[in-house]
Amino acid sequence: MTTDPSPRWAGMVVAKQANFYQVRLEGATPATLLCTRRSRLKKLGQRVMVGDRVQIEDPDFTDAQGVICEILPRRTCLDRPPIANADQILLVFAIAQPSLDPWQLSRFLIQAEATGIATQICLNKCDLVPTTEQQHWQARLQAWGYDPLVLSVEHQIGLDQLATQLADRVTLFAGPSGVGKSSLIRTLIPDVEVRVAEVSGKLQRGRHTTRHVELFELTTGGLLADSPGFNKPDLVCAAQQLAGYFPEIRDRLAANPCHFNNCIHHNEPHCGVRGEWERYEHYLKFLEEAIAAETVRHQQPDSEARVKVKIKTDGQRTYEPRLESKKYRRTSRRHRHQTLKDWETELNREDLPPT
Ligand code: GDP
Ligand code: ZN
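Residues numbered from 1 in each chain as written. Chains lettered and ligands numbered in written order. Predicted model: local features only at pLDDT ≥ 70, side-chain atom pairs only at ≥ 80, totals over all residues. Heavy atoms only, no water.

### Considerations on the environment of Ala31
In step 1: Topologically, Ala31 is positioned in the loop between β2 (20-25) and β3 (32-37).
In step 2: Assessed through its relative accessible area of 39%, Ala31 is described here as partly exposed.
In step 3: Counting along the chain gives 30 residues from Ala31 to Phe61, while the straight-line C-alpha distance between them is 9.4 Å.
In step 4: With residues up to four places along the chain from it excluded, the contact list for Ala31 reads Val23, Arg24 and Leu25. (Helix = DSSP H or I, 4+ residues; strand = E, 2+ residues; numbered from the N terminus. Buried < 20%, exposed > 50% of the residue type's maximum accessible area, 1.4 Å probe, protein only. Contact = heavy atoms within 4.5 Å.)

### Digging into the packing of aromatic side chains
In step 1: Under the definition given, this model contains 8 aromatic pairs.
In step 2: Each residue in the set Trp103, Phe246, Trp277, Tyr280, Tyr283 and Phe286 is aromatic and connected to the rest through ring pairs, giving one cluster. (Phe/Tyr/Trp six-rings, centres within 6.5 Å; stacked < 30°, edge-to-face > 60°.)

### With respect to helix α2 (residues 102-114)
In step 1: Over its 13 residues, α2 extends 18 Å from the first C-alpha to the last, a length consistent with the 18 Å expected when each residue adds 1.5 Å.
In step 2: Within α2 the residues assigned to the buried category are Pro102, Leu105, Ser106, Phe108, Leu109, Ile110, Gln111, Ala112 and Glu113.
In step 3: At its buried positions, α2 is contacted by β8 (88-94), β9 (118-124), α3 (131-143), α7 (239-242), α8 (247-255) and α9 (280-299).
In step 4: Following α2 by one or two positions, Gly116 adopts a phi angle in the positive range, close to 80 degrees. (Expected span 1.5 Å × (residues − 1).)

### Quick notes on the coordination of the zinc ion (ligand 2)
In step 1: Looking at the zinc ion (ligand 2), one finds its protein donor set to be Cys258 (SG), Cys263 (SG), His265 (ND1) and Cys271 (SG), positioned 2.1 to 2.3 Å from the metal centre.
In step 2: The coordination sphere of the zinc ion (ligand 2) comprises 4 donor atoms, whose angles at the metal cover 100 to 114 degrees; the geometry is tetrahedral.
In step 3: The sequence pattern describing where the donors of the zinc ion (ligand 2) fall on their chain is C-x4-C-x1-H-x5-C. Neither residue differs from the other here; Cys263 and His265 are each classed as buried. (Donors = N, O, S within 2.8 Å, 3.2 Å for Na, K, Ca; no water. Tetrahedral: all angles 85-135°; square planar, octahedral: opposite > 155°, others 65-115°.)

### Digging into the side chain of Gln88
In step 1: Tracing the chain through its elements places Gln88 in strand β8.
In step 2: Take Gln88: its relative accessible area is 3%, and that puts it in the buried class.
In step 3: Looking at Gln88, its side chain comes within polar contact range of the side chain of Gln165, at 2.8 Å.
In step 4: A distance of 2.9 Å separates a polar atom in the side chain of Gln88 from a polar atom in the side chain of Thr171.
In step 5: Setting aside residues up to four positions removed in sequence, Gln88 forms contacts with Ile117, Ala118, Gln120, Gln165, Leu166, Arg169, Val170, Thr171 and Leu172. (Polar contact = N/O pair within 3.5 Å; in protein donor to acceptor, adjacent residues only side chain to side chain.)

### Side note on the nonpolar core
In step 1: Counting 45 residues, the largest nonpolar core has Val23, Ile68, Leu105 and Leu215 as the members making the most contacts within it.
In step 2: Setting aside chain neighbours within four positions, we find Ile68 in contact with Val13, Tyr21, Val23, Cys35, Thr36, Arg37, Arg38, Leu41, Val48, Val54, Gln55 and Ile56.
In step 3: The next biggest cluster of nonpolar side chains, apart from the first, holds 21 residues, and it includes Ile110, Ile264, Tyr280 and Phe286. (Core = buried A, V, L, I, M, F, W, Y, C linked by side-chain atoms within 4.5 Å.)

### Some words on the pairing of β2
In step 1: In this structure, strand β1 (residues 8-17) lies alongside β2, joined through 6 bridges in antiparallel fashion. The residue bridging Gly11 from the neighbouring strand is Leu25, located in β2.
In step 2: The turn joining β1 and β2, which pair antiparallel and follow one another in sequence, is formed by 2 residues; a positive phi near 50 degrees is taken by Ala18.
In step 3: Both β2 and β3 contribute to a ladder of 4 bridges, which runs antiparallel. (Pairing = 2+ DSSP bridges.)

### So, the site of ligand 1
In step 1: In the region of ligand 1, 15 residues are neighbours, and Asp127, Gly178, Lys181, Ser182 and Ser183 sit closest.
In step 2: Here an oxygen atom of ligand 1 sits 2.9 Å away from a polar atom, N or O, in the side chain of Lys125.
In step 3: The side chain of Ser182 places a nitrogen or oxygen atom 2.4 Å from an oxygen atom of ligand 1.
In step 4: Bound to the protein, ligand 1 loses 71% of the 580 Å² it would expose on its own.
In step 5: Looking at the shell around ligand 1, the element that brings in the most residues is helix α5 (residues 181-188), giving 3 residues.
In step 6: For the shell around ligand 1, the class distribution of residues is 4 nonpolar, 7 polar and 4 charged. (Near = heavy atom within 4 Å. Areas by Shrake-Rupley, 256 points an atom, 1.4 Å probe, with all protein chains shown as cover. Nonpolar A, V, L, I, M, F, W, Y, C, P; charged D, E, K, R; others polar.)

Have a look at this one:
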């Protein structure tokens, strides 16, 4: 005789501390359970992340406890901050105080684009500048390929539009300090301090540790991740992938592809990207930084450097183990002195068209 498998409940992990998880159940009372995970998942090396949709086996509603028995497939997955199934990144900047630095915004945008998650820019403190300046920034960022929401948390301007943008989605906040992120979170989640105290109490640890993420349900719908992990972009991306993180470059390539499919849009002839557009100089600067960072990584003798990264022309990376002993390793010129120029000359230029 077969017995029915124990009933399973679906839910979402909203907070995590050590080996305990807070899971918000879908359509059950009480709504939140304190859970551990089945040792089978641990043995399989399956990490439970905040944002994960999970199944709970046979929950104990009296004590509000349960055991996670399965992690459902993820739509997206970020490592820093560690969060699964985020639908969008909301980049919060201020138009004034601090004044909007286009280079800083660009760096945040590249890091956001590199996650593959949709990015929405939000310009706060519009009360501090005249309408003409707001319009200037809106038009300028539209030319970058974004459609910013303009708001003032302090004067309650634009908050309805923001609520619509956040509804039914899992959103991650990012942005430099002083732009009004905490004020915005307090406005969107009026009892945030109480909720934080509850979670911290149950999970026996404080928050504001660097890798701590927590999801808050908004009264207007949607979930908001409050995390300190994504506020200092450090631009770690492969040089060959950088171009893909600029909407302006994506558009230019679609309209007018470069002659070389491994073009890095620097000095190559018949390049569809090089030209008079605002962020082209950002691209060149970041490209230089990305190449310099790759060179440093290649030169590091640590364990990570035992894996050799090969970048294919389509921007995909492949990884190969490095030879352990230096004696047998051929030192390549690329690894010793790689500059933008070296990089270019190493690219295959045999099929140069007549100029
Ligand atoms: P965070 O560092 O991004 O979390 O920024 P905070 O929320 O701590 O805000 C920094 C400062 O900006 C505080 O003094 C806020 O009162 C102020 N602030 C936040 N939103 C607005 C706004 O819409 N307009 C103005 N004028 N000030 C704001
Ligand atoms: Zn090009």
